[in-house]
Each structure stands twice: as C-alpha cells, then as structure tokens.
Amino acid sequence: MNRQHILQQLHAHNPADAHERAMRDAIVQFVQTYENCAARSLRVGHLTGSAWLVDEELTHALLTHHRKLDLWVQLGGHVEEDTDMHKAAWREAREESGLAEVRCLSEHIFDVDVHAIPARPGEPEPFHYDIRYLFQADRHAPLVVSRESKELAWLTLAEIEALTQEESVLRMVRKTRQLYQAD
C-alpha cells in the first residue's frame, strides 16, 4: 500500500462541502496513523475503494442493493491485494457488476466518506474509510449480480434521490448533476 500516493490524492481532492471536508481530513489522519490502513484485520476500520459508475449520458448511475447492509449504494469494497486505490475501485466495479467494460472518467478522487459498518459478534463496530472514483459504462450491457448484492439497477438520478436518504449517495448524485451541466 503506497500511503504517500493516497495522501497526495486526498490532499488534492476538493470536497463538495464542510461535511465531506471533515471526512477527507479524518481519512488523512487515519492513513497517517495506521501503516496497515487497508488491512481488513485492522479492528478500528480500513480503507475501502468504491466506484460511482455512471452511463454515457450522465443521467443514470449503477447501484447495488447490498446484501449485508440492506441499502442501495455504489459498487465497492475492500482493497485486498491492490496497492492502488483507483485500481481497487475499478476491480470492484467489474467484479460486482459483471461488466466487461468499465471506463475510467478520472483518476482523481470523486468523493470520500467515512461510515460505520455493523459489528459482528465479538468484534467492535469498524469504520470504512471509503475513497470513491468516477467510472462509466454502457447501461445496456448485461449485468451479473454478485453474491454481495441482492440486486443491481441502473437508476436515474431522480430515482436515486427518491430511493435513498444516504447523504453520501445523494452527494454523488449532486456531483453528477454538476458534471452533466458542465457538458
């Protein structure tokens, strides 16, 4: 794990608001504190990599109905053997969607979030220090639901807003709308 590279990316990231800025700062502190910041064995938490996957028109995003959390969220997960957070997010996007072609829209961080994961018996409630990147795929390509999901769906931005109250997902919707308006 190249912590210096991650720290450089985090410092270069421009958060959307004060809340995201506080989470970015918490992730920076976490990475600086724990040399093994991506290890799942780290009981306080670990880095995760996520993919905000949009279609070519920037009108839809692919969400997963996460099996364990029972929430609609972006694709993503543990860093595992990857030493590059961007590559980890890209791998997770392909593994969790079954999509053969997932294109990178930017190698810069798109969003960050820190959230608690429900504790397992005998273990404390860990935190995911989630670093998110922006990817694109054909929303008409076939999807394959992984064992980590109940369902996958390409949803319009308005459908996502009606479906979830998760602020981190809604923030990415707002950022996507800004990208759409910039085109």
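Going by the structure above, here's the rest.
A. Seen up close, the side chain of R132. Assignment of secondary structure puts R132 in strand β7 (residues 127–136). Its relative accessible area of 1% is what places R132 among the buried residues. Here D130 takes part through its side chain, which lies 2.8 Å from a polar atom of the side chain of R132. The residues contacting R132, other than those within four sequence positions of it, are S50, Q74, I109, F110, D111, D113, H115, S168, R171 and M172.

B. Local environment of the pairing of strand β1 (residues 45–54). Burial within β1 is extensive, with 10 of its 10 residues counted as buried. Judged from the 10 bridges that link them, β1 and β7 form a sheet pairing that is parallel. When the sheet's bridge partners are listed, T48 is paired in β7 with D130. As paired strands, β1 and strand β4 (residues 75–78) are joined by 4 bridges and run antiparallel to one another. Among the inter-strand pairings, G49 is bridged to a residue of β4, identified as G77.

C. Just the nonpolar core, in detail. Core analysis: the biggest nonpolar cluster contains 32 residues, and L10, I27, V31, L47, L53 and I131 have the highest contact counts within it. Elements with a contribution of two residues or more to this core: α1 (3–12), α2 (18–33), β1, α3 (85–97), β7 and β8 (149–156). At 5 residues, the largest contribution of residues to this core is made by α2. Filtering out sequence-adjacent residues up to four positions away, V31 remains in contact with R3, I6, L7, L10, C37 and L47. In terms of nonpolar packing, the next biggest core, distinct from the first, is built from 15 residues, V54, L63, L134 and V173 among them.

The rules behind the values
All residue numbers refer to position in the chain's written sequence, counted from 1. Confidence filtering applies because this is a predicted model: local features only for residues at pLDDT of at least 70, side-chain atom pairs given and counted only at 80 or more, and all residues used for totals across whole chains, interfaces and linings. Remark: hydrogens and water are excluded; side-chain values derive from all non-hydrogen atoms of the structure. Put simply, DSSP marks the helices as runs of H or I at least four residues long and the strands as runs of E at least two long, and each gets a number from the N terminus on. Burial classes: relative accessible area under 20% of the type maximum marks a residue as buried, over 50% as exposed, and values in between as partly exposed (1.4 Å probe, protein chains only). N or O atoms closer than or at 3.5 Å make up a polar contact, with two conditions inside protein: a donor-capable atom paired with an acceptor-capable one, and, for residues adjacent in sequence, both atoms drawn from side chains. In this description, contact between two residues means that some pair of their heavy atoms is separated by no more than 4.5 Å. If DSSP finds at least two bridges between two strands, the strands pair. Throughout, nonpolar core names a set of buried Ala, Val, Leu, Ile, Met, Phe, Trp, Tyr and Cys residues whose side chains join them through atoms within 4.5 Å.

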